[in-house]
Amino acid sequence: MRVLVVEDSRSLADVLTEGLRDQGMAVDTARDGLEAAAKLDLNAYDVVVLDRDLPGIHGDTLCRMITEGDNRIMVLMLTAAGSPGDRVSGLGLGADDYLGKPFHFPELVLRIRALARRQPAARARILRAAGVELDPLRRTVTRDGRQLDLSVKEFGVLEALLRATPAFLRAEDLLEQVWDEHADPFTNTVTVTIGRLRRKLGDPPVITTTPGVGYRVTGGQMRDDAIGGG
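Residues numbered from 1 in each chain as written. Predicted model: local features only at pLDDT ≥ 70, side-chain atom pairs only at ≥ 80, totals over all residues. Heavy atoms only, no water.

Here we come to the nonpolar core. The biggest cluster of nonpolar side chains holds 27 residues, and the ones touching the most others in it are Leu-158, Leu-161 and Leu-174. For this core, the secondary-structure elements that each account for two or more residues are β6 (126-129), β7 (132-135), α6 (152-164), α7 (171-178), α8 (189-201) and β11 (214-217). Setting aside residues no more than four positions away along its own chain, Leu-174 makes contact with Val-157, Ala-160, Leu-161, Leu-169, Trp-179, Val-190, Ile-194 and Tyr-215. Listed in part, the 20 residues of the second largest apolar core include Leu-40, Val-48, Ile-57 and Val-75. (Core = buried A, V, L, I, M, F, W, Y, C linked by side-chain atoms within 4.5 Å. Buried < 20%, exposed > 50% of the residue type's maximum accessible area, 1.4 Å probe, protein only. Helix = DSSP H or I, 4+ residues; strand = E, 2+ residues; numbered from the N terminus. Contact = heavy atoms within 4.5 Å.)

Okay, structure coming up:
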């Protein structure tokens, strides 16, 4: 999941960015509305955490720009103005959720994950393929019933590959989805992470590599299960 945090308070932006990355999200930051608009033109985000009172382009204007755009991105408005009237007006601008400051970080994480699942291109509740079962909400992975202990990046890579099944993802695609804008496009971090992930998944191999094409999960189509589904 890729998230853009738009917050003019450097200290709060740093805390949010570090905390969300620890939760396995790829996070970019913008300190004003102009910087945010530029990054939205360049990158594909699942959720934008948007401070309402921004310099450059006001948060209200930026929210309208996002919600009226061709690529639907979910918006969580984050602001110190948390009265019922403020929430109503914020949601009326097209924001998908509204959280007043101060807030509890675990609640923010849950709201971001909930928004990602509500995207028009609906995300699966549980991802399954080749004996692997991944639960993005509970952050658990099993293979043939065996619990796997994955790092944050290993989990993110596996989730991205499962969502793309049966298509291939290039190393560049994985860098964009699992890391962030500061990732070195010439780094071998994807190769190293894939190698560790393969070892933890065990045999028979789940992830295959086609030179010049990319990586993909093999051994069966992904099945999407909604909560309560059979």
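To continue, consider the packing of α7 against α8. Relative orientation of the contacting elements α7 and α8 amounts to 85°, with a least axis distance of 9 Å. Classed by the angle they form, the pair α7 and α8 counts as roughly perpendicular. Contacts between α7 and α8 involve Ala-171, Leu-174 and Leu-175 from the former and Thr-189, Val-190 and Ile-194 from the latter. Its residues placed into classes, the contact of α7 with α8 shows 5 nonpolar, 1 polar and no charged. (Axes fitted to C-alpha atoms, helices over the stretch in contact; angles between N-to-C directions. Parallel < 35°, antiparallel > 145°, perpendicular 65-115°, else oblique. Nonpolar A, V, L, I, M, F, W, Y, C, P; charged D, E, K, R; others polar.)

Time to look at the side chain of Asp-60. As for its position among the elements, Asp-60 is in helix α3 (residues 59-67). In contact with Asp-60, other than residues within four places in its own chain, are Arg-52, Met-77 and Leu-93.

Burial runs high along strand β2 (residues 26-30): 5 of the 5 residues are buried. Bridge count for strand β1 (residues 2-6) against β2 is 5 bridges, and the pairing is parallel. By the bridge assignment, Val-6 is partnered in β2 with Ala-30. Remark: the β1/helix α1 (residues 10-22)/β2 crossover connection has right-handed handedness. (Pairing = 2+ DSSP bridges. Right-handed = clockwise from strand over helix to strand, strands pointing away.)

Turning to the pairing of β1, a few remarks are in order. In terms of burial, β1 is largely enclosed, as 5 of its 5 residues are buried. Of the two faces of β1, the one lined by Arg-2, Leu-4 and Val-6 and the one lined by Val-3 and Val-5 are each fully buried. Direction of pairing for β1 relative to strand β3 (residues 47-51): parallel, over a ladder of 4 bridges. For Val-6, the partnering residue across the bridge sits in β3 and is Leu-50.

We now examine unusual backbone geometry. A cis amide bond links Lys-101 to the next residue, Pro-102, at an omega of -5°. Within the secondary structure, Pro-102 sits in the loop between β5 (97-100) and α5 (105-117). Looking along the chain, the bond that leaves Thr-165 and enters Pro-166 is cis, with omega of 10°. If you check the backbone angles, Ala-130 has positive phi at about 55° while not being a glycine. One can find Ala-130 in the loop between β6 and β7. One non-glycine residue, Asp-144, lies in positive phi territory at about 50°. Looking at the element boundaries, Asp-144 is found in the loop between β8 (140-143) and β9 (146-147).

Moving on to the sheet that holds β3. Taking strand neighbours across the sheet as the criterion, the 5 strands line up as β2-β1-β3-β4-β5 in an open arrangement whose pairing is parallel. Where the open sheet ends on each side, the last strands, each with one partner, are β2 and β5. Between one strand axis and the next, the sheet turns by 20° as a mean value, whatever way the strands run. As judged from the 4 bridges shared by strand β4 (residues 74-79) and β5, these two strands associate in the parallel manner. Residue Thr-79 lies in a different strand from β5, and its bridge partner there is Gly-100. Set on the sheet, α1 makes contact with β1, β2 and β4; between it and β2 the angle comes to about 170°.

Structurally, Arg-196 can be placed in helix α8. In this structure, the C-alpha to C-alpha distance between Arg-196 and Ser-151, residues 45 residues apart in sequence, is 9.5 Å. Leave out the neighbours within four places in its chain, and Arg-196 touches Ser-151 and Glu-154.

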